[in-house]
Amino acid sequence: MTPRAADVVVVGGGLVGCAVARALAQRGCSVVVAERGRTGAEASSAAAGFLSPQADFATDGPLVRFGVASRALYPRWARALARESGVDPQLRRRGMLYAATSAAEQRGLEARLRWQRRCGWRVEAVSARKARALVPGLGPAVRGGVFFPDDAIIDNERLAVAAALAARRAGATVLEGCAVRHVLARGGRISGVRTTRGRLDAGAVVVAAGAWAGGLVLPRDVPPPPVVPVRGQMVVLRGLAGLVDRPLHGYDGYLAPRADGRVLVGSTYEHAGFEKRTTARAVRTLLSMAERLVPAVAEATMESAYAGLRP
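Along each chain, numbering runs from 1 in the same order as the chain's sequence is written. Totals for whole chains, interfaces and linings use every residue, but because this is a predicted model, local features are given only for residues with pLDDT of at least 70 and side-chain atom pairs only at 80 or more, for both listing and counting. Values reported for side chains reflect all heavy atoms of the structure, with hydrogen atoms and water molecules removed beforehand.

A.B. asks: Sorry, what's going on with the overall build of the protein chain here?
C.D. replies: Check the secondary structure of the protein chain and you find eight helices and 16 strands. Throughout, radius of gyration means the C-alpha value; the globule benchmark is 2.2 Å times the number of residues raised to the power 0.38. For 311 residues, the compact-globule formula gives about 19 Å, and the C-alpha radius of gyration of the protein chain, at 21 Å, lands near that figure. Seen along its three principal axes, the alpha-carbon backbone of the protein chain occupies a region of about 65 × 45 × 40 Å. Each residue is assigned to one of three classes by its accessible area relative to the maximum for its type, calculated with a 1.4 Å probe on protein chains only: buried under 20%, partly exposed between the two thresholds, exposed over 50%. The proportion of buried residues among the 311 residues of the protein chain is 49%. Across the protein chain, the 44 positively charged side chains and the 25 negatively charged ones have centroids separated by 3 Å. Each helix corresponds to a stretch of at least 4 residues labelled H or I by DSSP, and each strand to a stretch of at least 2 residues labelled E; elements are numbered beginning at the N terminus. Only four residue types enter the tally: Lys and Arg on the positive side, Asp and Glu on the negative side, with His and both chain ends excluded. Charge placement uses NZ in Lys and CZ in Arg. For Asp and Glu, CG and CD serve respectively.

Here it is as structure tokens:
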């Protein structure tokens, strides 16, 4: 039965939406999550699962510092989700190697190392030999790199499942196949949403609709969020056990190992609208990048390829 009212409606049942719903429900709010498809089925499950603010940012600023603070909270949060949902999101804290294949790349990484050390964060310059001790499958193109020992990886597919289950068990109602079309207001205050299943009254609305957030019809004088979809394609390999056992980043892509033996290779950054499909060109580019870093990729088994839409 579809509820008709709640304290809060969360638009979008991805990782962010379900995490917000869980937190609100645990604080005594009545919460409804309205998800247009299936929970966690879009960007949340299409990502690599890197918790890597240090590796991701070339310069200092508020966002990287926010990311480092968030990373410090992740282990406790992941344990809570595992306990509440019964699904272990497999947080692995083995650090991340950022490999350089040219002198220019090495100089860029060394600049990153310097400002991060000034921030007081752990970071280590590594030789080609030390890089291969960290990731044995590295090929001769790798000249060295930088190791970020506190960056981590989590299985985002399992994390999305855990967050949705934890939200439900905290008391949130999750409606799949329920798309929100309009956010409603009356007298200058939010009054609810209009969905494909009818109206839902609420005093607050959280927009966590990912790449689709910009398409919501909002109350008059509320500007739409400047959100557009950016397609990312990924390739899934098997057969690299013992060669890529920790996250590996390069200047034009990355390899993300999973506990089940898969290695995810990503990712593209394409303005392709809502066209969520894989292309031969992107798969070829990703595999070429991965093989340059880890030559054994040439003989690995290609299990699948997929695309997701980042907001």
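A.B. asks: Would you mind going over the nonpolar core with me for this structure?
C.D. replies: A general tendency of soluble globular proteins is for nonpolar side chains to be buried together. Leu97, Leu248, Leu255, Val265 and Leu293 are the most contacted members of the largest nonpolar core, which totals 25 residues. Of all the elements in the fold, those that place two or more residues in this core are strand 4 (96-100), helix 6 (128-134), strand 12 (230-238), strand 15 (263-266) and helix 8 (280-293). In terms of residue count, the dominant contributor to this core is helix 8 (five residues). Only heavy atoms enter the contact rule, under which two residues are in contact if any of them lie within 4.5 Å. Once you skip the residues sitting within four places of it in the chain, valine 265 turns out to touch Gln233, Met234, Val235, Leu237, Tyr254, Leu255, Leu286, Met289 and Ala290. Residues enter a nonpolar core if they are buried and are Ala, Val, Leu, Ile, Met, Phe, Trp, Tyr or Cys, with the set joined through side-chain atoms within 4.5 Å.

A.B. asks: In this structure, what is going on with the sheet that holds strand 14 (residues 253-257)? I would like to understand it.
C.D. replies: Sheet strands line up and pair through hydrogen bonds in the backbone, either parallel or antiparallel. At least two bridges found by DSSP between two strands are what make those strands a pair. Taking strand neighbours across the sheet as the criterion, the eight strands line up as 5-6-4-13-14-15-12-16 in an open arrangement whose pairing is mixed. Strand pairing shows two members of the sheet lacking a second neighbour, strand 5 (124-127) and strand 16 (301-310), which therefore form its edges. Neighbour-to-neighbour, the strand axes of this sheet turn through a mean angle of 25°, independent of strand direction. A fitted line through C-alpha atoms represents every axis, and for helices the fit uses only the stretch in contact; the resulting angles, taken between N-to-C directions, go from 0 to 180 degrees.

A.B. asks: Quick question: what am I supposed to make of helix 4 (residues 62-85) here?
C.D. replies: Three or four residues apart is the spacing at which side chains of an α-helix point the same way, because the helix has 3.6 residues per turn. Given a rise of 1.5 Å per residue, 24 residues ought to cover 34 Å, and the 32 Å separating the end C-alpha atoms of helix 4 matches this to within 8%. Every buried residue belonging to helix 4 is among Val64, Gly67, Val68, Arg71, Tyr74, Pro75, Ala78, Ala80, Leu81 and Ser85, and all of these are buried. The inward-facing, buried residues of helix 4 abut helix 1 (15-26), strand 3 (50-51), helix 3 (53-56), helix 5 (103-118) and helix 7 (156-170). Immediately beyond the C-terminal end of helix 4, within one or two residues, lies glycine 86, with a positive phi of roughly 80°. Helix span, expected: 1.5 Å multiplied by one less than the number of residues in the helix.

A.B. asks: Please clarify how a positive patch on the surface should be interpreted in this entry.
C.D. replies: Here a patch means residues that are over 30% exposed by relative accessible area and free of salt bridges, tied together within 9 Å if like-charged and within 5 Å if nonpolar (Val, Leu, Ile, Met, Phe, Trp, Tyr). All accessibility values rest on the Shrake-Rupley procedure with a 1.4 Å probe; residue burial counts only the protein chains present in the view. Each salt bridge in this description consists of a side-chain nitrogen of Lys or Arg and a carboxyl oxygen of Asp or Glu lying within 4 Å of one another. Taken together, the side chains of Arg76, Arg79, Arg83 and Arg93 define a basic patch exposed on the protein surface. Following the sequence through the fold, arginine 83 ends up in helix 4. Classification of arginine 83 by relative accessible area gives exposed; the value is 64%.

A.B. asks: Before we go on, may I ask you to explain the packing of aromatic side chains in this structure?
C.D. replies: Each aromatic ring pair is characterised by the separation of its centres together with the angle its planes make. For Phe, Tyr and Trp, rings pair up if their centres lie within 6.5 Å, where Trp contributes its six-membered ring, and each pair is then called stacked (planes under 30 degrees apart), edge-to-face (over 60) or tilted (otherwise). A complete count under the given rule lists five aromatic pairs for this structure. Between the aromatic rings of tyrosine 98 and tyrosine 251, the centroid separation amounts to 5.3 Å while the plane-to-plane angle is 65°, which identifies the pairing as edge-to-face. Of the two residues, tyrosine 98 sits in strand 4 while tyrosine 251 sits in the loop between strand 13 (248-250) and strand 14, which places them 153 residues apart along the sequence. Aromatic side chains tryptophan 212 and phenylalanine 274 sit 5.4 Å apart centroid to centroid with 35° between the ring planes, which places their arrangement in the tilted category. Separated by 62 residues along the polypeptide, tryptophan 212 in the loop between strand 11 (198-207) and strand 12 and phenylalanine 274 in the loop between strand 15 and helix 8 bring together distant segments of the chain. The rule is short: NZ of Lys or CZ of Arg within 6 Å of the ring centre and within 35 degrees of the ring normal puts a charge over the ring. Over the ring of tryptophan 212 we find arginine 36, and its NZ or CZ is 4.3 Å from the ring centre.

A.B. asks: Explain the side chain of aspartate 155 to me, please; I cannot follow it from the model alone.
C.D. replies: Relative to the elements of secondary structure, aspartate 155 occurs in the loop between strand 7 (152-153) and helix 7. Overall, aspartate 155 belongs to the buried group, its relative accessible area being 5%. Excluding its chain neighbours within four sequence positions, the residues that come into contact with aspartate 155 are Pro89, Gln90, Arg258 and Arg262.

A.B. asks: Where do I start with the pattern of salt bridges in this structure?
C.D. replies: Should the charged atoms of two oppositely charged side chains come close, the side chains can pair. A full pass over the atoms with the stated rule returns 16 salt bridges. In this structure, arginine 262 engages aspartate 260 in a salt bridge whose closest nitrogen and oxygen atoms are separated by 2.9 Å. Classification of arginine 262 by relative accessible area gives buried; the value is 12%. Among the ionic contacts, a cluster of salt bridges with common partners joins Asp155, Glu157, Arg258, Asp260 and Arg262.

A.B. asks: Honestly, helix 5 in this entry has me stumped. Any pointers?
C.D. replies: Its 16 residues place the ends of helix 5 23 Å apart at the C-alpha level, agreeing with the 22 Å of an ideal helix rising 1.5 Å per residue. Those residues of helix 5 that fall on the buried side of the exposure criterion are Glu105, Gln106, Leu109, Arg112, Leu113, Trp115 and Gln116. Buried-residue contacts for helix 5 involve helix 3, helix 4, strand 4, strand 5 and strand 6 (144-148). Following helix 5 by one or two positions, glycine 120 has its phi on the positive side, about 85°.

A.B. asks: I tried to follow the packing of helix 1 against helix 7 on my own but got confused; where do I start?
C.D. replies: The description of two packed helices rests on the angle between their axes and on the distance between the axes. Contact geometry of helix 1 with helix 7 gives a least axis separation of 8 Å together with a crossing angle of 25°. If you check the angle between helix 1 and helix 7, you find them roughly parallel. Crossing handedness for the pair helix 1 and helix 7: left-handed. Residues Leu15, Cys18, Ala21, Arg22, Ala25 and Gln26 of helix 1 lie in contact with helix 7, whose contacting residues are Leu159, Ala163, Ala164, Ala166, Ala167 and Ala170. Between 65 and 115 degrees an angle is taken as roughly perpendicular, under 35 as roughly parallel, over 145 as roughly antiparallel, and anywhere else as oblique. Crossings are classed by handedness, with left-handed meaning an anticlockwise turn of the near helix from the far one by less than a right angle and right-handed meaning a clockwise turn.

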